[in-house]
Amino acid sequence: MQPFSLSSPLVLLDELAASDTDRVFDYCQDPIFERYLTVPWPYERAHAAGFILEYVPDGWLSDREYTWALRDPAGPGLLGVIGLRLTGESVAVDASVHRVGSIGFWLGAPHRGRGLIPEAQRLVADWAFAQGIIDDLHWECLLGNVASARAAWKSGFRYTGVAPSVAAYRDKSYPDSWQGHLAAGDDRTPQPGWPAAALAR
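Residues numbered from 1 in each chain as written. Predicted model: local features only at pLDDT ≥ 70, side-chain atom pairs only at ≥ 80, totals over all residues. Heavy atoms only, no water.

Enquirer: Got a sec to walk through the overall build of the protein? Specific residues and values, please.
Expert: In terms of helices and strands, the protein carries six helices and eight strands. Counting from the amino terminus, the protein carries its helices and strands in the arrangement β-β-α-α-α-β-β-β-α-β-α-β-β-α. At 16 Å, the protein has a C-alpha radius of gyration in line with the 17 Å of a compact globule built from 201 residues. Its C-alpha atoms give the protein principal-axis dimensions of about 45 × 35 × 35 Å. A buried classification covers 46% of the 201 residues belonging to the protein. Distance from the positive charge centre (17 side chains) to the negative charge centre (24 side chains) of the protein: 5 Å. (Helix = DSSP H or I, 4+ residues; strand = E, 2+ residues; numbered from the N terminus. Rg over C-alpha atoms; globule rule 2.2 N^0.38 Å. Buried < 20%, exposed > 50% of the residue type's maximum accessible area, 1.4 Å probe, protein only. Lys, Arg positive; Asp, Glu negative; His and termini not counted. Charge placed at Lys NZ, Arg CZ, Asp CG, Glu CD.)

Enquirer: Provide a residue-level description of the packing of aromatic side chains, including the pertinent values.
Expert: The description of an aromatic ring pair uses the distance of the two centres, along with the angle that the planes make with each other. Overall, the coordinates contain 12 aromatic pairs when judged by the stated rule. Where Tyr27 meets Trp106, the ring centres are 5.9 Å apart and the plane angle is 75°; that geometry is what we call edge-to-face. Here the residue Tyr27 occupies a position in helix α1 (residues 21-27), and Trp106 occupies one in strand β5 (residues 96-107), the gap between them amounting to 79 residues. Grouping residues by exposure puts Tyr27 and Trp106 together as buried. (Phe/Tyr/Trp six-rings, centres within 6.5 Å; stacked < 30°, edge-to-face > 60°.)

Enquirer: Would you mind going over the side chain of His138 in detail, with residue names and values included?
Expert: With respect to the helices and strands, His138 occurs in strand β6 (residues 136-142). The class of His138 is buried, set by a relative accessible area of 4%. Of note is the side chain of His138, whose polar atom sits 3.1 Å from the side chain of Glu140. Once residues within four sequence positions are removed from consideration, His138 is found in contact with Val100, Gly101, Ser102, Ile103, Phe157, Val166, Gln179, Gly180 and His181. (Polar contact = N/O pair within 3.5 Å; in protein donor to acceptor, adjacent residues only side chain to side chain. Contact = heavy atoms within 4.5 Å.)

Enquirer: Account for the environment of Arg64, naming residues and giving values.
Expert: Note that Arg64 resides in the loop between α3 (45-62) and β3 (65-71). C-alpha separation for the pair Arg64 and Leu116, spaced 52 residues apart in sequence, amounts to 24 Å. In this structure, Arg64 is in contact with Tyr55, Asp58, Gly59, Leu84, Arg85 and Leu86, ignoring residues within four places of it in sequence.

Enquirer: Pulling in residues and values, what's your account of the nonpolar core?
Expert: Core analysis: the largest hydrophobic core is formed by 52 residues, its most contacted members being Leu13, Trp68, Leu70, Leu84, Leu137 and Trp139. No other element matches the nine residues that helix α4 (residues 116-130) contributes to this core. Each residue touching Trp139, except ones within four places of it in the same chain, is listed here: Ile103, Phe105, Ser148, Ala149, Ala152, Phe157, Trp178, Gln179, Gly180 and Trp194. (Core = buried A, V, L, I, M, F, W, Y, C linked by side-chain atoms within 4.5 Å.)

Enquirer: Could you give an account of the pairing of β6, naming the residues involved and the relevant values?
Expert: A regular strand places its side chains so that they alternate between the two faces of the sheet. Counting buried residues in β6 gives seven out of seven residues, a clear majority hidden from the surface. Side chains Asp136, His138, Glu140 and Leu142 of β6 all project onto a buried face; the interleaved residues Leu137, Trp139 and Cys141 project onto the opposite face, where all are buried too. Sheet topology note: the β6/strand β8 (residues 176-183) ladder contains seven bridges and is antiparallel. If you follow Leu142 over to β8, its bridge partner there is Ser177. (Pairing = 2+ DSSP bridges.)

Here is the structure:
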């Protein structure tokens, strides 16, 4: 798969570039990233360069993971990152096999609270479902990451409970996480059944 863009009036998802390295490095100094994300810590500029120049292109070339820069359509600055990982997992649903993908994202601190992540998730999910790449989209975050949980809830994910993370944390452990799923035919409005702790402001 070659990188391509997705867009709406609110967000532009396009290719990460070498010129984004400093911004990725700056955003990833956020203590929230240390607590909740799987990025290396301490996060160094070399990590940002490796992510943009090696990890992201390798994901596209191998059809393993598609990663986009999240930008404002009115300007080129990097606001965040969103990625779709093809897990290779299949689940049986109503006597049929569903292909599962996993979505991950982060947003720079100055740009939170604008509804950018739910819109970016919608663009990625709509594309992946329309192309028949996946039938079911998995989301997870470490317990306590309310911002991620609220974004998933707003995007229509169905809460499926607490379970060990599918993705390994930086220490190679699989800590408990809130988890949810979105199927191709699901209603995209916020769904009931989410615990109050996951949605607390």
